[in-house]
Amino acid sequence: MVTVTNYHKRKNASGKEFITLEIQGGLEMIQSQQTGKFYATAKKCNIPSTFDESTAKMLLGTQMPGTIERIDCDPYDYTVQQTGEVISLAHTYLYQPELATSKSSTKQLQEN
């Protein structure tokens, strides 16, 4: 399950405003490669929407089936907000909807 936790106003290349929904996955425990200690985290990503701001506000807290997956991408620079440090990353996060598992739903998906 993922949860809509926030929304953001953005502008496209031509300057037109649109809303993205910030979604967050469940709690994950990750082991630090440097210290070996565990820390709690949750994956987040933003997805574009066709909603206006009032609708986006109403959607906060909405849960949807699916997960947020880490995927490889072309390297890019990212500035850590807390420290100002610029780091190079080669991954991003993407929402993956949960597919129906029943035989009839699987058959429908294959036919489409």
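Residues numbered from 1 in each chain as written. Predicted model: local features only at pLDDT ≥ 70, side-chain atom pairs only at ≥ 80, totals over all residues. Heavy atoms only, no water.

*Asks:* Explanation requested: the overall build of the protein chain in the structure shown.
*Replies:* Summing up its helical and strand segments, the protein chain has two helices and eight strands in all. Every one of the 112 residues in the protein chain was classed for burial, and the buried ones make up 18%. Nonlocal contacts in the protein chain, meaning residues at least 24 apart in sequence, comprise 45% of its contacts between residues at least 6 apart. For the protein chain, the computed accessible surface area is about 8,800 Å², with 51% contributed by carbon and sulfur atoms. (Helix = DSSP H or I, 4+ residues; strand = E, 2+ residues; numbered from the N terminus. Buried < 20%, exposed > 50% of the residue type's maximum accessible area, 1.4 Å probe, protein only. Contact = heavy atoms within 4.5 Å. Areas by Shrake-Rupley, 256 points an atom, 1.4 Å probe, with all protein chains shown as cover.)

*Asks:* Help me understand the pattern of salt bridges in this model?
*Replies:* One side chain can pair with another of opposite charge once the charged atoms of both are near each other. Under the definition given, this model contains three salt bridges. With a closest N to O distance of 3.1 Å, Lys9 and Glu53 form a salt bridge. Highlighted residues: Lys9 in strand E1 (residues 2-11) and Glu53 in helix H1 (residues 53-59), separated in sequence by 44 residues. Of the residues examined, Lys9 reaches a relative accessible area of 49% and is grouped as partly exposed. We note a salt bridge from Glu28 to Lys43, for which the minimum N-O separation is 4.0 Å. Note that Glu28 is positioned in strand E3 (residues 28-31) and Lys43 in the loop between strand E4 (38-41) and strand E5 (44-48), a separation of 15 residues in sequence. (Salt bridge = Lys/Arg side-chain N within 4 Å of Asp/Glu carboxyl O.)

*Asks:* Mind showing me how you'd approach the confidence of the model for the protein chain here?
*Replies:* Scored by pLDDT, the protein chain has a mean of 88; 88% of the residues are at 70 or more. Between residues 102-110, whose pLDDT stays under 50, and residues either more than four places distant or in other chains, the model counts four contacts. (pLDDT = per-residue confidence, 0-100.)

*Asks:* Looking at this structure, I do not really get the sheet that holds strand E2 (residues 17-24). What am I missing?
*Replies:* Sheets are built from strands that pair by backbone hydrogen bonding, the pairs being arranged parallel or antiparallel. Strands sit in the order E5-E2-E1-E6 across an open sheet of four strands; the sheet is antiparallel. Where the open sheet ends on each side, the last strands, each with one partner, are E5 and strand E6 (63-64). Relative to E6, E1 runs antiparallel, the two sharing two bridges. Following the sheet pairing, Val2 is matched in E6 by Met64. (Pairing = 2+ DSSP bridges.)

*Asks:* How do you make sense of a nonpolar patch on the surface when you look at a structure like this?
*Replies:* On the surface, Leu27, Met29 and Phe38 cluster together to form a nonpolar patch covering roughly 370 Å² of accessible area. Along the chain, Leu27 turns up in the loop between E2 and E3. You can call Leu27 exposed: its relative accessible area is 67%. (Patch = residues over 30% accessible without salt bridge, like charges linked within 9 Å, V, L, I, M, F, W, Y side chains within 5 Å.)

*Asks:* Is there a simple way to explain the pairing of E1 in this structure?
*Replies:* In the case of a regular strand, side chains alternate between the two sheet surfaces. Inspection of the sheet shows E1 paired to E2 by eight bridges, in the antiparallel sense. Counterpart to Lys11 in the pairing with E2 is Glu17. Where E1 folds back on E2, the antiparallel hairpin that results is connected by five residues, among which Gly15 adopts a positive phi of roughly 90°.

*Asks:* What exactly am I supposed to notice about the layout of surface pockets here?
*Replies:* Vacant regions in the atomic arrangement are exposed by a probe of water-molecule size rolled over the atoms. Within this model, the largest pocket holds a volume of roughly 960 Å³. Elements supplying a minimum of two residues to the lining of the largest pocket: E3, E4, E5, strand E7 (66-79) and strand E8 (86-97). A total of five residues in the lining of the largest pocket trace back to one element, the largest contributor, which is E8. The residue inventory of the lining of the largest pocket, partitioned by class, reads 10 nonpolar, seven polar and six charged. (1 Å grid on protein atoms, 1.4 Å probe; cavity = no way out; pocket = protein on both sides within 12 Å on 5 of 7 lines; lining within 4 Å. Points joined across faces, edges and corners; volume = space filled by probe spheres on them. Nonpolar A, V, L, I, M, F, W, Y, C, P; charged D, E, K, R; others polar.)

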